[in-house]
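Per-entry structural report
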There are 2 protein chains.
Amino acid sequence: MKVRVVEDALDANNTIARANREDFDRAGVTVVNLMSAPGAGKTALLERVLADTAGVRVGVLEGDVEGSLDAERLARLHVPVVQINTGAGFGGECHLDANMVRSAIGSLALDEIDLLVIENVGNLVCPAEFRVGEDVRAMVCSVAEGDDKPLKYPLMFRACELAIVNKIDLLEHVDADLQKLLANLQSAHPGIATMLCSARTGEGIDALRAWLLGLVRARASV
Amino acid sequence: MKVRVVEDALDANNTIARANREDFDRAGVTVVNLMSAPGAGKTALLERVLADTAGVRVGVLEGDVEGSLDAERLARLHVPVVQINTGAGFGGECHLDANMVRSAIGSLALDEIDLLVIENVGNLVCPAEFRVGEDVRAMVCSVAEGDDKPLKYPLMFRACELAIVNKIDLLEHVDADLQKLLANLQSAHPGIATMLCSARTGEGIDALRAWLLGLVRARASV
């Protein structure tokens, strides 16, 4: 008799991620898992992008070890925001996992949104290891972090469909070489889509918004 | 009869950290655990500081998920460097723990150094939770990360004796407010020592070097 390997089914995180995904699909919500190192500018980018979503209804799930500073910033845009603190309830974890997201779904009116952005805990390692039921994974890397991060944290760059190179207004003031950074991105993840942005100057914000809203339209047209 | 609680003795990491500490003490080596978010500039600061150590013999233990880019940079200074990769041998961990450091001690000639700098994996969460046998913990935060990080990752800032505020040459080009950052540092860890540095301009490098070498001299004078 053939032995059936059920390795993946034994992975609790993936099982719960699939349940999240089914809930998202049933409600017709497109989900983006947005990751980065601390201070790469995820929230500042979202503040710019979500200021005008052209009728697409967006919700945010905010992941932080402690506090709700970023959630408060985004709530000012009159976007529904739910905060997950990994410190208090989940043992100080350095990432979101599927169960944390599942515990927050009840606080989200999924039927009233088209797009859910999950802003993960700032960390270039573990968030990439945990699927949470998302459709797409994107990451933000700031040029202030240097051009070598794709080589040092390759799993994160491999896990994402899009790398948003942020704070490019700082390029002339830092030692990072943009061409080297882009080459290192392709070396870590051949073919990864990239986008150059600055939340400060507004460069690339329209492109990022179009990419995000395009994910929703692509689903609607299927 | 009184029940003796042996909670701490059951913590394998702390047990191994104490064994590391005994080895360091026996060899008369002062150990600094240096932590930060990815790209905050730990290696660039060490390149500047270790270029001249005034006769103090320094060794470096380099922690990364993958690769040895930073170790190679520091080895150019003719400083003994040992690389720990948390990806290959240790399951992709996002931090160094006492056992990883213990596994590297055999490759270090402890009798030939006075100061060991352990450059941890870039991460503001888990590295703060694992003692590795160090005497002192210091962290680097870059002003490019914003002024709110002490409020979002308080354990890291509480765990450290010194916060090195780095890349201050970027202050005029980023939105971070230095006074707010310093206030947030004190709010997370009242009384924490701070130092303003820039590996790019050299500002604060002499002070950081004096602080590091001072730790060795303080031990020698006991």
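Read on for an overview of the structure. For every chain, the first residue of its written sequence is number 1, and the numbers climb from 1 along that sequence. In the order they appear in the text, chains get letters beginning with A and ligands get numbers beginning with 1. In view of the model being predicted, local features appear only for residues whose pLDDT reaches at least 70, and side-chain atom pairs are presented and counted only at 80 or more, with totals across whole chains, interfaces and linings using the full set of residues. To obtain the side-chain values, all non-hydrogen atoms of the structure were included, while hydrogens and water were left out.

**Quick word on the interface of chain A and chain B**
Only heavy atoms enter the contact rule, under which two residues are in contact if any of them lie within 4.5 Å. Every contact between the two is made by 36 residues of chain A and, on the other side, 36 residues of chain B. Among the residues chain A hides against chain B, the three largest losses belong to Pro38, Lys152 and His173 of chain A. Together they make up 21% of the total. In what follows, salt bridge is the name for a side-chain nitrogen of Lys or Arg lying within 4 Å of a carboxyl oxygen of Asp or Glu. Taken together, chain A and chain B are joined by 6 salt bridges. The closest approach of N and O atoms between Lys152 of chain A and Asp64 of chain B, which form a salt bridge, is 3.5 Å. Mapped by element, the contributors of at least two residues to the side of chain A that touches chain B are α3 (69-75), α5 (149-152) and α6 (154-159) of chain A. The class makeup of the residues in the side of chain A that touches chain B is 15 nonpolar, 5 polar and 16 charged. Each of two parts loses accessible area, computed with a 1.4 Å probe, when they are put together; buried area is these two losses added. Put simply, DSSP marks the helices as runs of H or I at least four residues long and the strands as runs of E at least two long, and each gets a number from the N terminus on. Put simply, Ala, Val, Leu, Ile, Met, Phe, Trp, Tyr, Cys and Pro go in the nonpolar bin, Asp, Glu, Lys and Arg in the charged bin, and everything else, Gly too, in the polar bin.

**Focus on helix α4 (residues 98-105) of chain B**
Residue and element names in this part refer to chain B. For α4, the set of buried residues is Ala98, Met100, Val101, Ala104 and Ile105. All buried residues of α4 project into a common sector of 160° when viewed along the axis, lining one side. Looking at the buried residues of α4, the elements they touch are α1 (12-27), β2 (58-64), β3 (81-85) and β4 (115-119). Structurally, the start of α4 carries an N-cap: the backbone nitrogen of Asn99 is 3.1 Å from a side-chain oxygen of Asp97. We call a residue buried when its accessible area falls under 20% of the maximum for its residue type, exposed when it is over 50%, and partly exposed in between, using a 1.4 Å probe and counting protein chains only. Think of it as the arc spanned by the lines of direction from the helix axis to the C-beta atoms. For the purposes of these results, a polar contact is taken to be a pair of N or O atoms within 3.5 Å, where, inside protein, one atom must be able to donate a hydrogen and its partner to accept one; residues adjacent in sequence count only when each atom of the pair is a side-chain atom.

**Observations regarding the side chain of Asn33 of chain B**
All names here are of chain B. Note that Asn33 resides in strand β1 (residues 30-36). A distance of 3.1 Å separates the side chain of Asn33 from the side chain of Asn120, its partner in a polar contact. A polar contact is formed between the side chain of Asn33 and the side chain of Glu134, at a distance of 3.0 Å. In contact with Asn33, other than residues within four places in its own chain, are Ile118, Asn120, Phe130, Val132, Glu134, Val136, Arg137 and Ala138.

**Some remarks on the relation of the copies chain A and chain B**
Superposition of the copies was done by least squares, using only C-alpha atoms of residues whose pLDDT is at least 70 in both. The transformation that overlays chain A on chain B combines an axial shift of 0.0 Å with a rotation of 180°, and the residual RMSD is 0.0 Å. Both copies are brought into coincidence by an operation consistent with a two-fold rotation axis. Both copies share a contact surface, since 100% of the interface residues of chain A are interface residues in chain B too.

**Quick look at the sheet that holds strand β4 (residues 115-119) of chain A**
Residues and elements named next belong to chain A. For two strands to be treated as a pair, DSSP must find at least two bridges joining them. Spatial ordering of the open sheet is given by β3-β2-β4-β1-β5-β6-β7, a layout of 7 strands whose pairing is parallel. Strand pairing shows two members of the sheet lacking a second neighbour, β3 (81-85) and β7 (193-196), which therefore form its edges. Strand-to-strand twist in this sheet, taken as the mean axis angle between neighbours without regard to direction, amounts to 20°. Two strands pair when backbone bridges link them, and strand β6 (residues 162-166) and β7 are joined in this way by 4 bridges, in the parallel orientation. Bridge assignment links Ala163 to a residue of β7, and that residue is Thr194. Lines are fitted to the C-alpha atoms to define the axes, a helix being fitted only along its stretch in contact, and any angle between axes, read from their N-to-C directions, falls within 0 to 180 degrees.

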